[in-house]
Amino acid sequence: HARFADLIEQDAVSELQLLREALEHRVAAGSPTADLALRMVTSPQRRLLGSEGLSILTSIANGMEPGSAHQVALDEALGELAGVLGEQQLAMERWGRIGELSGDPSKRQHAEIEAARGAYRAGLRGEAHARLDRARGLGTVTLETAVRMDTLEADIQLWLDHETATGSQAANRALAAAQEMAVAAGGLERLAAAERATYAAALDTAIDAAMQEDRGDDVIRLSEMGLLLAQKLDQESYVAALLRIGIALLPFGRMREAGAMFREAWDLARRLVMPTAMVEAGNGLARALPSLGHFAEAQAVAAEAAELEKRLGNAPRRWGNPTPWLHAIELSLGDPESAVRALRHDAEIEVDPHFRMRIHENIAAWQARFGGARLAREVEAELTAARTDSALARCPRCASELAVTSAELLARIGRVEEAESEMGAWEGQASAAGYPMREVRRTRSRAAIAAASGDVHAAASMLQALGENLKREGLLEELLWARLDLGRVLAHSDRGGSVRAFTDAAVLAEEVGARTQQRLAAQELRRLGVRAWRRGPEARGEGVAGLSPREVEIARLVAGGASNREVAQSLLISPRTVERHITNVLAKLGLRNRTELATFIRSAPVVRGSTDDGGSTNA
């Protein structure tokens, strides 16, 4: 066994599978394993270790002399890797032991900070504060360490304590110290790699604070700085920056940019085997893609991210989780009653008021836009729940969004005076935020109030201007509702204009796959005596060009005769995700079954070319 271990190690270099085989032989031989275990956990392929591999290496670390240099080095590497892989309990254990046993005050301080970070990621507010307080009491605090601690303190206050004001103060303190650190070094380029990553983390948290305080201009400015800095960091830091900036851009309506960042993060995280980053990227894509009219792809991505999060068990939930967004997407995909039930269950089990508020708001918005006064009681109940959670979350930006959305929804259910009151209060708020989505929300709410008050001309004028704006920005989901609203407003005064608006809505809904809104537009057209509006898939001119890269990849495998399970194994996704993709492909191409799909794919020049080139595209 010892000889086999020596031979395999010589050939292994950093190949994880060979290193693992060598480790098994060393264990069988009873020979030392510390150096080999450390090679494995620091290998470029270390993320492929998985839970079983981490467990083996943890057992080896536990068997070493307590506090020895070998044990500390292995615990450090395990703690870092466990944090990346979402194993936060293991990360806290490893860093906690270093904090207790290491004789080096600086190592102990670093370990306590990292243990606090693991607790923060796991949502353990008390543990995170306690560990951070312990770190502050250990040894001399360097400027870099001060930045790291203030950044983490800001994260805890912003996302676990829901103390936006104090969290923002800590974030500003961290960023000021980071900038001081850069000046002392002679500029960002002169900072060491670890210091540059610390600076980037402080900048990211400052973006979060600006986002919560609804400082839109600061969010954009800091985000642009963050992206420039992230391009000079390692790939893991770059993925983290893409995610943070993408999330920051979402509330401000910059969906194209946010979607591009999430997609890049999704692809990179998949390639680098970063499962927690994949969950966060999937969560972001699930929010951006519907706005851009990509409902089917959004559903597939959200389902894959939700499934991955379930497998991880303890994935960080910094910006919520993908499951409620999956159900929000499914509102538009044909069975809104089931989707609403699922969203209500999501709200029941959600423990964070920040995310629970948004679920209630999404349910209320759907019911008011879809059912109007008929669902007034349900809308009011959801808005009440959302306001309660808003008070608990104490996020100024989310509270502002809820106020202007409430004005719109109250008008839709006939509560005009209350809607005017909400709108007046929102417009009277002093805010330095200036961004397109604010004007979209204002116009949509004002149009709803005008329509409910009987001012058809004003409502129609606002909705037409809103539609042009939304089309220019590429916000197709919002555009779809604007066209439906315009059709409703004109229904009793301008039949021709109403028919045009509902027809435009029906066509757009068909193009983007929003089957529920498509049915709603068709019902309204039938009330106006119009039936022949449909367009077949040939008229769309989409074909393969209308498929996402992942859908093309799956379609090729299906055309080659692969079963769902075989496709799933090939692409490292679940059979259920494959099934969703195939359903979406068939719908987009206007096909009925796998046989028709195989025939279509074999005759499509673009797909044949992709196959012949041997390339594959990940989505």
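All of these numbers come straight from a predicted model, not from anything done at the bench. Throughout, a residue's number is its position along its own chain's written sequence, starting from 1. Whole-chain, interface and lining totals are the exception, using all residues; otherwise, since this is a predicted model, local features are given only for residues with pLDDT of at least 70 and side-chain atom pairs are given and counted only at 80 or more. The basis for every side-chain value is the complete set of heavy atoms in the structure, and neither hydrogens nor water enter the calculation.

Enquirer: What am I meant to see in the overall build of the chain here?
Expert: Across its full length, the chain carries 33 helices and zero strands. With C-alpha atoms as the basis for the radius of gyration, the globule rule is written as 2.2 Å multiplied by the number of residues raised to the power 0.38. Taking 25 Å as the expected radius of gyration for a compact globule of 619 residues, we find that the chain reaches 27 Å, a close match to that expectation. Counting only C-alpha atoms and orienting by the principal axes, one finds that the chain spans roughly 85 × 60 × 45 Å. Here's how the labels work: a residue is buried when its accessible area is under 20% of the maximum for its type, exposed when over 50%, partly exposed in between, all with a 1.4 Å probe on protein chains only. Relative to its full complement of 619 residues, the chain shows a buried share of 57%. Should any heavy atoms of two residues lie within 4.5 Å, those residues are counted as being in contact. Sequence-distant contacts, at least 24 apart, represent 63% of the contacts inside the chain between residues at least 6 apart. Carbon and sulfur atoms make up 51% of the accessible area of the chain, which totals about 26,200 Å². We count Lys and Arg on the positive side and Asp and Glu on the negative side, and we leave His and both chain ends out. Note on charges: their place is set at NZ of Lys, CZ of Arg, CG of Asp or CD of Glu. When the 75 basic and 86 acidic side-chain charges of the chain are each reduced to a single mean position, those positions are 4 Å apart. Where helices and strands are cited, they refer to DSSP runs of H or I of at least four residues and of E of at least two residues respectively, numbered from the N terminus. With residues, only the protein chains shown are counted as cover, and all accessible areas are computed by Shrake-Rupley using a 1.4 Å probe.

Enquirer: Can you help me understand the environment of Asp218 in this one?
Expert: Relative to the elements of secondary structure, Asp218 occurs in helix α12 (residues 216-230). Accessibility expressed as a relative area gives 22% for Asp218, which makes it partly exposed. Under the rule applied, a polar contact is a pair of N or O atoms within 3.5 Å (in protein, one hydrogen donor and one hydrogen acceptor; residues adjacent in sequence only if both atoms are side-chain atoms). Looking at Asp218, its side chain comes within polar contact range of the side chain of Arg215, at 2.8 Å.

Enquirer: I keep staring at the side chain of Arg483 and nothing clicks. Help me out?
Expert: Summarising the element assignment, Arg483 is placed in helix α25 (residues 476-490). Filtering out sequence-adjacent residues up to four positions away, Arg483 remains in contact with Lys471, Ala501, Asp504, Ala505 and Leu508.

Enquirer: How should the pattern of salt bridges be read in this particular structure?
Expert: Close approach of charged atoms lets side chains of opposite charge pair. Salt-bridge detection follows one rule: a side-chain nitrogen of Lys or Arg within 4 Å of a carboxyl oxygen of Asp or Glu. If you walk through the whole model with that rule in mind, you get 48 salt bridges. A salt bridge links Glu112 to Arg134, with the nearest nitrogen and oxygen atoms 3.8 Å apart. Here Glu112, found in helix α7 (residues 105-121), pairs with Arg134, found in helix α8 (residues 125-136); they are 22 residues apart in sequence, far enough to count as distant. You can call Glu112 buried: its relative accessible area is 2%.

Enquirer: Is there a simple way to explain the packing of aromatic side chains in this structure?
Expert: Aromatic rings considered in pairs are described by the distance between their centres and by the relative angle of their planes. Think of it this way: a Phe, Tyr or Trp ring, Trp meaning its six-membered ring, pairs with another when their centres are within 6.5 Å, and the plane angle makes it stacked under 30 degrees, edge-to-face over 60, tilted otherwise. By the definition in use, this model includes two aromatic pairs. A ring pair is formed by Trp366 and Phe370, whose centres lie 5.4 Å apart and whose planes are at 15°; its orientation type is stacked. Of the two residues, Trp366 and Phe370 are both situated in helix α19 (residues 353-371); the distance of four residues between them amounts to about one turn of the helix. A relative accessible area of 26% means that Phe370 is categorised as partly exposed. Ring geometry for Trp366 versus Trp481: centroids 5.6 Å apart, planes at 85°, classification edge-to-face. Here Trp366, found in helix α19, pairs with Trp481, found in helix α25; they are 115 residues apart in sequence, far enough to count as distant. Comparing Trp366 with Trp481, the two get one shared label, buried. Pairwise contacts between aromatic rings join Trp366, Phe370 and Trp481 into one cluster.

Enquirer: Would you explain the packing of helix α16 (residues 295-312) against helix α17 (residues 322-330) in this entry?
Expert: To characterise two packed helices, one gives the angle between the axes of the helices and the distance between these axes. A fitted line through C-alpha atoms serves as each axis, taken over the contacting stretch for helices, and the angle formed by two N-to-C directions is quoted from 0 to 180°. Interhelical geometry of α16 versus α17 gives an angle of 155° and a closest axis separation of 8 Å. Classified by the angle their axes make, α16 and α17 are roughly antiparallel. Of the two elements, α16 crosses α17, and the hand of that crossing is left-handed. Residues Phe295, Ala298, Gln299, Ala302, Ala303, Ala305, Ala306 and Glu309 of α16 lie in contact with α17, whose contacting residues are Pro322, Thr323, Leu326, Ile329 and Glu330. Basically, the charged four are Asp, Glu, Lys and Arg, the nonpolar ten are Ala, Val, Leu, Ile, Met, Phe, Trp, Tyr, Cys and Pro, and anything else, Gly included, counts as polar. Class assignment of the residues belonging to the contact of α16 with α17 gives a composition of nine nonpolar, two polar and two charged. If an angle is under 35 degrees, it is roughly parallel; if it is over 145, roughly antiparallel; if it lies from 65 to 115, roughly perpendicular; otherwise it is oblique. Rotating anticlockwise by less than a right angle from the far helix to the near helix defines a left-handed crossing, while the corresponding clockwise rotation defines a right-handed one.

Enquirer: Help me understand the confidence of the model for the chain, please; the structure alone is not making it clear to me.
Expert: If pLDDT is low for a region, its predicted coordinates should not be looked at in detail. Every residue is assigned a pLDDT by the predictor, reflecting its confidence on a scale from 0 to 100. Averaged over every residue, the pLDDT of the chain is 87; residues scoring 70 or more account for 92%. A low-confidence stretch, residues 536-541 (pLDDT under 50), is modelled with seven contacts involving residues beyond four sequence positions or located in other chains. Ignoring residues within four places in sequence, the model shows residues 606-619, a span with pLDDT below 50, making 27 contacts including any to other chains.

Enquirer: Is there a simple way to explain α17 in this structure?
Expert: Note that an α-helix has 3.6 residues per turn; residues three or four places apart therefore point the same way. Of all nine residues that make up α17, eight are buried, and the element is covered over most of its length. The set of residues buried in α17 consists of Pro322, Pro324, Trp325, Leu326, His327, Ala328, Ile329 and Glu330.

Enquirer: What am I meant to see in unusual backbone geometry here?
Expert: Most peptide bonds are trans, and most residues other than glycine sit at a negative phi. A positive phi angle, near 60°, is found at His162, a position not held by glycine. With respect to the helices and strands, the residue His162 is situated in the loop between α9 (143-159) and α10 (164-185). The residue Asp214 is not glycine, and still its phi comes out positive at about 65°. Within the fold, Asp214 resides in the loop between α11 (193-212) and α12. Residue classification places Asp214 among the buried residues on the basis of a relative accessible area of 5%.

Enquirer: How should the state of the cysteines be read in this particular structure?
Expert: Simply put, the disulfide is a covalent bond whose two ends are the sulfur atoms of two cysteines. Our working definition of a disulfide is a cysteine sulfur pair at a distance within 2.5 Å. Applying the stated criterion across every chain yields a total of zero disulfides. You can see Cys395 has no disulfide; the closest cysteine sulfur is in Cys398, sitting 3.6 Å from it.

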